[in-house]
Amino acid sequence: GAGSEMLCSCPDALLCAVHWELVTRGYRCLGAGDRAGPDERKSELLPAGWQADPELYTLRYQAQDDSRELLLKAIMVDTSMILNVMDRSSLQVADVTLNVADYVDPAHLGDFHRAYKNMEELRTRIVSGIISPFKTDKEKDNNKESKPERTVPTTPRDYDPLRIPPRQPPLSREPPWPSPLGPFAVGGEDLDPFGGRRGGMIADPRRSGYPVPGIDPSSGLPSRLPPGAVPPGARFDPFGPPGSGAAGPNPDHLPPPGYDDMFM
């Protein structure tokens, strides 16, 4: 990727590998130096003069879709090359340090196929160090394989005694749960003796939604009430004590509010 120029040092060879990895990841080189020169255009080749300073390499790259422009600076410190990359629009910075001797064989610089070693490790460090940090969340999601959602089987350990039971019990009628979408229905059942609405404010065990056998509204009367005297679904207290099979509290257990007569 250096055109007709000959590689003359191990740092040059390592920078060529970094350059080629950027090119294969969708970037093109704009030129050398911090500022743009005349008649610049995106290219897969290294620009002229990229080897001018053997201690500091400065190159500018731009994505093929012009989504971002990167400023690459490679600084030589002893036998290591420090790669520092900055996104010129967001000023985000990423860096990685590479030991030149780990990836370049100085005895075979003239042979491309033998000049590099540990290429997979080098590629991984370049991508994770100075390429992946600048990917958007959308680009990262596109690289992930779609994984099926893991379903957690229901086990006895998942049982919660405080959880509301299922709304549709097996082989039973669904109870008339009040609708959470009607905030003004509170107390509506207290005004509707026919039970057309839900949301009463008075706790009544006989209105729990399930039929309670054994309640006779004619209890305590000499004769039975005529049919229709008590509308279906109306809240009605019998005239006498309820039958032995009735559920709920007995109204005779507690005196009326404010009643304090020990002789009654």
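Whatever comes next refers back to the structure up there.
Report follows, based on the coordinates. (Residues numbered from 1 in each chain as written. Predicted model: local features only at pLDDT ≥ 70, side-chain atom pairs only at ≥ 80, totals over all residues. Heavy atoms only, no water.)

## Here we look at the pairing of strand β3 (residues 69-77)
Thought 1: Where strand β2 (residues 56-63) and β3 come together, 7 bridges link them in antiparallel fashion. Across the sheet, residue Y61 finds its bridge partner in β3, namely L70.
Thought 2: Between β2 and β3, which pair antiparallel in sequence order, lie 5 residues; one of them, D66, sits at a positive phi of approximately 60°. (Pairing = 2+ DSSP bridges. Helix = DSSP H or I, 4+ residues; strand = E, 2+ residues; numbered from the N terminus.)

## Regarding the pattern of salt bridges
For side chains bearing opposite charge, pairing can occur when the charged atoms are close.
Thought 1: Throughout the structure, instances matching the rule amount to 8 salt bridges.
Thought 2: One salt bridge in this structure joins E21 and R25, with 3.2 Å as the shortest N-O distance.
Thought 3: Measuring nitrogen to oxygen at the nearest pair gives 3.0 Å for the salt bridge that ties E120 to R123. Residue E120 and its partner R123 are both found in helix α4 (residues 119-131); the two are separated by 3 residues, about one turn of the helix.
Thought 4: Given the relative accessible area of 56%, E120 is considered exposed. (Salt bridge = Lys/Arg side-chain N within 4 Å of Asp/Glu carboxyl O. Buried < 20%, exposed > 50% of the residue type's maximum accessible area, 1.4 Å probe, protein only.)

## Brief notes about the sheet that holds strand β5 (residues 93-99)
Thought 1: The 5 strands are arranged β1-β2-β3-β4-β5 in an open sheet whose pairing can be described as antiparallel. The sheet is open, and its two borders are formed by β1 (27-32) and β5, each paired with just one other strand. The average undirected angle you get between the axes of adjacent strands in this sheet is 25°.
Thought 2: Both strand β4 (residues 80-87) and β5 contribute to a ladder of 7 bridges, which runs antiparallel. Across the sheet, the residue bridging to I82 is T97, located in β5.
Thought 3: Together, β1, β2, β3, β4 and β5 form the strand contacts of helix α1 (residues 10-24), whose direction differs from that of β2 by roughly 10°.
Thought 4: Relative to the sheet, α4 contacts β4 and β5, its axis offset from that of β5 by approximately 160°. (Axes fitted to C-alpha atoms, helices over the stretch in contact; angles between N-to-C directions. Contact = heavy atoms within 4.5 Å.)

## Things to note about the nonpolar core
Thought 1: Within the largest apolar cluster, 37 residues are counted, with the highest numbers of intra-cluster contacts made by M81, L83 and L98.
Thought 2: Of all the secondary structure elements, the ones that give two or more residues to this core are α1, β1, β2, β3, β4, β5, α2 (100-103) and α4.
Thought 3: Ranked by residue count, the leading element in this core is α1, at 8 residues.
Thought 4: Here L98 is in contact with L14, V18, T79, S80, M81, L83, Y103, L122, R125 and I126, once residues within four sequence places are set aside. (Core = buried A, V, L, I, M, F, W, Y, C linked by side-chain atoms within 4.5 Å.)

## A few points about the packing of α1 against α4
Thought 1: Relative orientation of the contacting elements α1 and α4 amounts to 65°, with a least axis distance of 10 Å. Along this stretch, α1 crosses α4, giving a crossing that reads as right-handed. Side by side, α1 and α4 meet where L14, A17, V18, E21 and L22 of the first sit next to L122, R123, I126, V127, I130 and I131 of the second.
Thought 2: When grouped by side-chain class, the residues that make up the contact of α1 with α4 number 9 nonpolar, no polar and 2 charged. (Left-handed = near helix turned anticlockwise from the far one by under 90°. Nonpolar A, V, L, I, M, F, W, Y, C, P; charged D, E, K, R; others polar.)

## Overview of the packing of aromatic side chains
Thought 1: This model, assessed by the stated rule, comprises 2 aromatic pairs.
Thought 2: Measuring from centroid to centroid gives 5.9 Å for F112 and Y116, while their planes differ by 70°, and the two rings are edge-to-face.
Thought 3: A relative accessible area of 15% places Y116 in the buried class. (Phe/Tyr/Trp six-rings, centres within 6.5 Å; stacked < 30°, edge-to-face > 60°.)

## Quick look at unusual backbone geometry
Thought 1: Look at L91: it is not a glycine, yet its phi comes out positive at around 60°.
Thought 2: Checked against the element boundaries, L91 lands in the loop between β4 and β5.
Thought 3: Its relative accessible area of 58% is what places L91 among the exposed residues.

## A closer look at the pairing of β4
Thought 1: Here β4 shows a clear split, with M81, L83, V85 and D87 buried on one side and none of S80, I82, N84 and M86 buried on the other.
Thought 2: Sheet topology note: the β3/β4 ladder contains 8 bridges and is antiparallel. Pairing of M76 across the sheet is with M81, part of β4.
Thought 3: Hairpin connection between β4 and β5: a loop of 5 residues separates the two successive antiparallel strands, and L91 in this loop has a positive phi of roughly 60°.

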